[in-house]
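Fold and contact review
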Amino acid sequence: MLTLASKLKRDDGVRGPRASNPASDSTRRVSVRDKLLVKEVAELEANLPCTCKVNFPDPNKLHYFQLTVTPDEGYYQGGKFQFETEVPDAYNMVPPKVKCLTRIWHPNITETGEICLSLLREHSIDGTGWAPTRTLKDVVWGLNSLFTDLLNFDDPLNIEAAEHHLRDKEDFRNKVEDYIKRYAR
């Protein structure tokens, strides 16, 4: 799976500790982001929640992956929700960009896929935003938790969904189930 990791090891073995040709070194240089991702992806795959599955469409591009969350409890049980994650070049100084690809009725995810999760914010008032000490594992566990303990009706991104829940919990549940049947199977 970690094709990039084996490439890094192979390239280091070919070049040795110091490259003699600076021009060829610059064409083979691997970014700090990619070096971090090799380690973080291995840690992520070893510590993935049982309700999550990660897919790397191109094993040589660890900076782009898809996450599937299949909640096993709560309002969203039975749904299959797809997320797209892109890790920018400035990672780990900036958070990954994450979008929900599955249409969903959720107070913290808009119908167009924007996500309200404090650790995905570059700057957060409450101090729980992104920090260089966070990892992809934190992001995946945070996204998974949006379907259980981090489901937040008090600080919504999708205000209409949150107000719907406050107004009529049963009708909210019905709409969530309808969205799951239509978009999340």
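Definitions and cut-offs
Residues numbered from 1 in each chain as written. Predicted model: local features only at pLDDT ≥ 70, side-chain atom pairs only at ≥ 80, totals over all residues. Heavy atoms only, no water. UniProt positions renumbered as here; feature names shortened; annotations may be inferred. Buried < 20%, exposed > 50% of the residue type's maximum accessible area, 1.4 Å probe, protein only. Helix = DSSP H or I, 4+ residues; strand = E, 2+ residues; numbered from the N terminus. Pairing = 2+ DSSP bridges. Contact = heavy atoms within 4.5 Å. Axes fitted to C-alpha atoms, helices over the stretch in contact; angles between N-to-C directions.

Under an unreviewed UniProt entry, the name given to the chain is E2 NEDD8-conjugating enzyme, and the source organism is Lepidothrix coronata. In its Sequence similarities (unreviewed entry) section, the UniProt record describing the chain reads: "Belongs to the ubiquitin-conjugating enzyme family." Entered under Pathway (unreviewed entry) in the UniProt record, the comment concerning the chain runs "Protein modification; protein neddylation."

Bringing the pairing of strand S4 (residues 97-100) into the picture now. Across the two faces of S4 the burial differs, with Val-98 and Cys-100 buried and Lys-97 and Lys-99 not buried at all. Across four bridges, the pairing between strand S3 (residues 81-86) and S4 is antiparallel. Its bridge partner lying in S4, Thr-85 is registered against Val-98.

Here we come to the side chain of His-106. Its location among the elements puts His-106 in the loop between S4 and helix H4 (136-145). A relative accessible area of 0% means that His-106 is categorised as buried. Setting aside residues no more than four positions away along its own chain, His-106 makes contact with Tyr-76, Leu-146, Phe-147, Leu-151, Asn-158 and Ala-161.

What follows is about the pairing of strand S1 (residues 52-55). Burial of the side chains of S1 is restricted to one face: Cys-52 and Val-54 are buried, whereas none of Lys-53 and Asn-55 on the reverse face is. As defined by bridge partners, S1 adjoins strand S2 (residues 64-69) across four bridges and the pair is classed as antiparallel. Across the sheet, the residue bridging to Val-54 is Leu-67, located in S2.

Turning to the side chain of His-164, a few remarks are in order. Considering the arrangement of structural elements, one finds His-164 in helix H5 (residues 159-167). When its relative accessible area of 5% is taken as the criterion, His-164 is described as buried. With sequence-adjacent residues up to four places away left out, His-164 is seen in contact with Trp-105, Lys-169, Asp-171, Phe-172 and Lys-175.

With that settled, the discussion passes to the sheet that holds S4. Read across the open sheet, the four strands follow the order S1-S2-S3-S4; overall the sheet is antiparallel. What marks the edges here is a single partner per strand, and that holds for S1 and S4. Put simply, the sheet's adjacent strands are angled 20 degrees from each other on average, direction ignored. Across the sheet, H4 is in contact with S1, S2, S3 and S4; its angle to S2 comes to roughly 30 degrees.

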